[in-house]
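Descriptive structure summary
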There are 2 protein chains.
Amino acid sequence: MKVIVVGASGAVGKAAADALAVRHEVIRVNRSSGDVLMDIEDVDSIRAMYREVGKVDAVISAVGHGHFGPVDRMTSEQFMKGILHKTLPQVNLVLEGFEHVNDGGSFALTSGVLNRDPIRGGSCAAAANGALDGFVLGAAVDMPRGIRINSVSPEVLEVSRQKFDGFFHGHYHVSNEAVGLAYCKAVEGCLSGRTFIVDYG
Amino acid sequence: MKVIVVGASGAVGKAAADALAVRHEVIRVNRSSGDVLMDIEDVDSIRAMYREVGKVDAVISAVGHGHFGPVDRMTSEQFMKGILHKTLPQVNLVLEGFEHVNDGGSFALTSGVLNRDPIRGGSCAAAANGALDGFVLGAAVDMPRGIRINSVSPEVLEVSRQKFDGFFHGHYHVSNEAVGLAYCKAVEGCLSGRTFIVDYG
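Here is a short report on the structure shown in this document.

Cut-off values and rules
Residues numbered from 1 in each chain as written. Chains lettered and ligands numbered in written order. Predicted model: local features only at pLDDT ≥ 70, side-chain atom pairs only at ≥ 80, totals over all residues. Heavy atoms only, no water. Helix = DSSP H or I, 4+ residues; strand = E, 2+ residues; numbered from the N terminus. Rg over C-alpha atoms; globule rule 2.2 N^0.38 Å. Buried < 20%, exposed > 50% of the residue type's maximum accessible area, 1.4 Å probe, protein only. Contact = heavy atoms within 4.5 Å. Areas by Shrake-Rupley, 256 points an atom, 1.4 Å probe, with all protein chains shown as cover. Lys, Arg positive; Asp, Glu negative; His and termini not counted. Charge placed at Lys NZ, Arg CZ, Asp CG, Glu CD. Pairing = 2+ DSSP bridges. Axes fitted to C-alpha atoms, helices over the stretch in contact; angles between N-to-C directions. Right-handed = clockwise from strand over helix to strand, strands pointing away. Buried area = accessible area lost by both parts, 1.4 Å probe. Salt bridge = Lys/Arg side-chain N within 4 Å of Asp/Glu carboxyl O. Polar contact = N/O pair within 3.5 Å; in protein donor to acceptor, adjacent residues only side chain to side chain. Nonpolar A, V, L, I, M, F, W, Y, C, P; charged D, E, K, R; others polar.

Re the overall build of chain A
Helix and strand counts for chain A stand at 5 helices and 7 strands. Overall, chain A shows an N-to-C arrangement of helices and strands of β-α-β-β-α-β-α-β-α-β-α-β. Relative to the 2.2 N^0.38 estimate, which gives 17 Å for 201 residues, the radius of gyration of chain A is 16 Å and therefore close to what a compact globule would have. For chain A, the spread of C-alpha atoms along the three principal axes comes to 45 × 35 × 35 Å. Residues counted as buried form 58% of the 201 residues belonging to chain A. Here the contacts in chain A between residues at least 6 apart in sequence split such that 68% fall between residues at least 24 apart. Per element, the accessible surface of chain A, about 8,300 Å² overall, is 49% carbon and sulfur. Of the side-chain charges in chain A, 19 are positive and 23 negative, and the distance between the mean point of each set is 2 Å.

Remarks on the sheet that holds strand 5 (residues 101-110) of chain B
Residues and elements named next belong to chain B. Read from one edge of the open sheet, 7 strands run 3-2-1-4-5-6-7, paired in parallel fashion. Each end of this open sheet is capped by a strand with a single partner; those strands are strand 3 (36-37) and strand 7 (195-198). The pairing of strand 6 (residues 148-154) with strand 7 spans 4 bridges and is classified as parallel. Looking across to strand 7, one finds that P154 is bridged to V198. Sitting on the sheet, helix 1 (residues 11-21) is in contact with strand 1 (2-6), strand 2 (25-30), strand 4 (56-61), strand 5 and strand 6, with an inclination near 165° to strand 2. Set on the sheet, helix 2 (residues 43-53) makes contact with strand 1, strand 2, strand 3, strand 4 and strand 5; between it and strand 1 the angle comes to about 155°.

Some points on the pairing of strand 6 (residues 148-154) of chain A
Across the 7 residues that make up strand 6 of chain A, a large majority, 7, are buried. The alternating pattern of strand 6 of chain A places A:R148, A:N150, A:V152 and A:P154 and A:I149, A:S151 and A:S153 on opposite faces, both of which are buried.

Re the pairing of strand 7 (residues 195-198) of chain A
Going residue by residue along strand 7 of chain A, you find A:F196 and A:V198 tucked away on one face and A:T195 and A:I197 left uncovered on the opposite face. Of the crossover connections in this fold, the one passing from strand 6 of chain A over helix 5 (residues 176-188) of chain A to the parallel strand 7 of chain A is left-handed.

Quick word on the sheet that holds strand 5 (residues 101-110) of chain A
Within a sheet, neighbouring strands are paired by backbone hydrogen bonds and run either parallel or antiparallel to one another. Residue and element names in this part refer to chain A. As summarised here, the arrangement of the 7 strands in space is 3-2-1-4-5-6-7, forming an open sheet in which the pairing is parallel. Where the open sheet ends on each side, the last strands, each with one partner, are strand 3 (36-37) and strand 7. Taken strand by strand, helix 1 (residues 11-21) contacts strand 1 (2-6), strand 2 (25-30), strand 4 (56-61), strand 5 and strand 6, and its axis lies near 165° from that of strand 2. Packing of helix 2 (residues 43-53) onto the sheet brings it into contact with strand 1, strand 2, strand 3, strand 4 and strand 5, and relative to strand 1 it is tilted by some 155°.

What about the interface of chain A and chain B?
Opposite the 40 residues of chain A that make contact, chain B presents 40 residues. Taking both sides of the interface into account, the surface hidden between chain A and chain B amounts to around 2,800 Å²; carbon and sulfur atoms contribute 75%. Inspection of the region where chain A meets chain B yields 0 salt bridges. Our count for the contact surface shared by chain A and chain B stands at 6 residue pairs in polar contact (both at pLDDT 80 or more). Breaking the side of chain A that touches chain B down by element, the ones donating at least two residues are helix 3 (76-95) and helix 4 (123-140) of chain A. Counted by class, the side of chain A that touches chain B contains 23 nonpolar, 12 polar and 5 charged residues.

Pasting the structure below:
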């Protein structure tokens, strides 16, 4: 299979790309490195990426960021950061991608742990994740030509332990292998409209 | 208790307001009728409503709309309708409401069935609902002064059977009493960060 991984230089995207590259042709897409350059927040850039890559069997995205801070000091604009920088770009990758994905292909988006196991200051991210998980569940029943769509909701990765030190108290840290397997299930499996949780227990 | 119900003229909001009015002072807020007029899509109007009503013990919202249509023909702008007309207005009601809600008070937002039991064309609404459910789960751990926050996710109401005829095949239709009870649990109960599902089984 030919698989696009957007955000392949990030911890989650790299785990996905490395796991799939064992058996498939993986095109690593990032803003400033990789096989193809793309800014996922720019719809024209998404379209150019699809034109350059041609038909594929699967599209994975593992990108996005939001606002972190207490909800009682959060502005409306800060709340929208998660939607505009995590939810909408990944949704746009789907909306622009239909004609570029082969029959029976798949999309895998990336949400995250915060709408099932919250931390302080995480309400913006929790909403962005919830929107993504809701979107794939809703979109799956509409998908044409046997195309599937799922989200992956990983816990904090072991390789990101230092980066998030002090924020995810008591959260399990998951291996690259476990994260990679979730994206393999999304691409190579049979399910649709699901959120694949990568977590302990 | 003094309870604001935004969207009290709608089917869900009326069920909530009627149930709570048995034991509490309910202020019914709508765009064009009720005790106080407010446009929830206008932050200045939200602020004016809070100033007019004064301190309250609970704030309920049961408003919002989005785009319905197949995901493979949905534009980015159509996708955002659910976020901008259902998620963001309800989140803004919370963000603007902290100083007007008494210690130990509560917020209850309204999501819906489509991010747990999808129908065709419902991916925009499913994302909006998921964002709301994610937001309350994330926000609950930040809430000051013992204030709680939950969402209510009702199935289609029995009273709305005609309105949605043909869209919700096989969906159970719930009673006003069941819907009202969920909002009573949100206002009078002890839980926070939850989504109260009103459904059969």
